[in-house]
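# Descriptive analysis of the structure
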Amino acid sequence: MTTANRAGTARQRNRGATIWLTGLPSSGKTTVARALAGRLRTEGHRVEVLDGDEIRRFLSAGLGFSREDRHTNVQRIGLVAEILARNGIFAVVPVIAPYADSREAVRKRHEASDTRYFEIHVATPVEVCSERDVKGLYARQAAGRLKGLTGVDDPYEPPVSPDLFLETQHQTPGESAGSVHGVLAAKGLV
């Protein structure tokens, strides 16, 4: 490999990217994100996980769950992810992001700054998510104590052409993270 090729490869490997994991509540987004982040850190990459729940508590405190508020929340997360990624950090983003137009706006923000963006659909069926019910949301919705649960009584618009479909009901979290890692490796980022 020539010096120029090595320098080009090093620049590519030092570039950050946003890895956007979208899916229903309890689909496995955060679990996969943490497994992927751990693997990337072990390889020496700089990584930040922008967990949707944490962002809601701090950066988006005060927002509700109307379509407009959900859009605003996604745009805030997208801005932070793009800033991190364009500065050489892998921004791993496990967030429901239920609306296609909101996710498309985030993609366009990344394109405008020539920053890598990968949309991963954590395509776990609602029945499996309901069984997992990590936060008790499905039980609360079934008992009539919660309205507007994404994928149940509020819409979730699945990605039409994501960079990867993950069916976490058929894989371990490590295998799912490995599949995402494979997408990054195919693009020369890891």
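For the structure, see preceding data.
This write-up is about the structure you can find in this document. Sequence positions are assigned chain by chain, starting from 1 and proceeding in written order. Under the rules for a predicted model, residues below a pLDDT of 70 receive no local features and side-chain atom pairs below 80 are neither given nor counted, while totals for whole chains, interfaces and linings still include all residues. For the side-chain quantities, the full set of heavy atoms in the structure was used; hydrogens and water were omitted.

If you tally the helices and strands in the chain, you get eight helices and five strands. For the chain, the C-alpha radius of gyration of 17 Å lies close to 16 Å, the compact-globule estimate for 190 residues. Expressed as lengths along the three principal axes of its C-alpha atoms, the size of the chain is roughly 65 × 35 × 30 Å. Exposure categories follow from relative accessible area, calculated using a 1.4 Å probe and restricted to protein chains: below 20% of the type maximum is buried, above 50% is exposed, and the middle band is partly exposed. Taking all 190 residues of the chain together, 44% fall into the buried category. A separation of at least 24 residues holds for 76% of the contacts in the chain among residues at least 6 apart in sequence. Computed by Shrake-Rupley with a 1.4 Å probe, the accessible areas treat only the displayed protein chains as cover when residues are assessed. Summing over all exposed atoms, the chain offers an accessible surface of approximately 9,400 Å²; the carbon and sulfur share of this is 52%. Charged side chains of the chain number 26 positive and 22 negative; the gap between the two group centres comes to 6 Å. Strands are runs of DSSP state E lasting at least 2 residues, helices are runs of H or I lasting at least 4, and numbering of each runs from the N terminus. Put simply, the radius of gyration uses C-alpha atoms, and a globule should come to 2.2 Å times the residue count raised to 0.38. We call two residues contacting when some pair of their heavy atoms lies within 4.5 Å. Note on charges: Lys and Arg go in the positive column, Asp and Glu in the negative column, and His and the chain ends are not counted at all. A single reference atom marks each charge: NZ on Lys, CZ on Arg, CG on Asp, CD on Glu.

Moving on: the packing of helix α4 (residues 67–86) against helix α5 (residues 100–112). When two helices pack together, you describe them by how their axes are tilted relative to each other and by the distance separating the axes. Lines fitted to the C-alpha atoms define the axes, with helices restricted to the stretch that makes contact. Angles between their N-to-C directions range from 0 to 180 degrees. Axis separation between α4 and α5 bottoms out at 9 Å; the angle between their running directions is 25 degrees. Taken as axis vectors, α4 and α5 run roughly parallel relative to one another. For the pair α4 and α5, the crossing hand works out as right-handed. Together, Arg 67, His 71, Val 74, Gln 75, Gly 78, Leu 79, Ala 81 and Glu 82 of α4 and Asp 101, Ser 102, Ala 105, Val 106, Arg 109 and His 110 of α5 make up the contact between the two elements. Residue polarity follows a fixed list, in which Ala, Val, Leu, Ile, Met, Phe, Trp, Tyr, Cys and Pro are nonpolar, Asp, Glu, Lys and Arg are charged, and the others, Gly among them, are polar. Counted by class, the contact of α4 with α5 contains five nonpolar, five polar and four charged residues. An angle below 35 degrees is treated as roughly parallel, one above 145 as roughly antiparallel, one from 65 to 115 as roughly perpendicular, and anything else as oblique. Here a crossing is called left-handed whenever its near helix is offset anticlockwise from the far helix by less than a right angle, and right-handed whenever the offset is clockwise.

The strands that make up a sheet pair up through hydrogen bonds in the backbone, lying either parallel or antiparallel. Note on pairing: DSSP must find at least two bridges between two strands before they are called paired. Read from one edge of the open sheet, five strands run β2-β3-β1-β4-β5, paired in parallel fashion. Each edge of the open sheet is held by one strand with a lone partner, namely β2 (47–49) and β5 (164–166). Across the sheet, the axes of successive neighbouring strands diverge by a mean angle of 20 degrees, strand direction being ignored. Bridge count for strand β4 (residues 116–122) against β5 is three bridges, and the pairing is parallel. Paired with Ile 120 across the two strands is Leu 164, which belongs to β5. With respect to the sheet, α5 is in contact with β1 (17–23) and β4, its orientation differing from that of β4 by roughly 155 degrees.

A few words now on the packing of aromatic side chains. Stacked, tilted and edge-to-face pairs are distinguished by plane angle, under 30 degrees for stacked and over 60 for edge-to-face with tilted covering the rest, among Phe, Tyr and Trp rings (Trp via its six-membered ring) whose centres lie within 6.5 Å. One pass over the structure, following the stated rule, counts one aromatic pair. The residue whose ring lies beneath Arg 56 is Phe 65, and the NZ or CZ to ring-centre distance is 4.0 Å. Placement of a positive charge over a ring is assigned whenever Lys NZ or Arg CZ falls within 6 Å of the ring centre and within 35 degrees of the normal to the ring plane. Residue placement shows Arg 67 over the ring face of Tyr 99; its charged tip is 3.8 Å from the ring centre.

Buried residues dominate β1, accounting for seven of its seven residues. Covered by surrounding structure in β1 are Ala 17, Ile 19, Leu 21 and Gly 23 together with Thr 18, Trp 20 and Thr 22, the residues of both alternating faces. Pairing of β1 with strand β3 (residues 90–94), which is carried by five bridges, proceeds in the parallel orientation. Looking across to β3, one finds that Ile 19 is bridged to Val 92.

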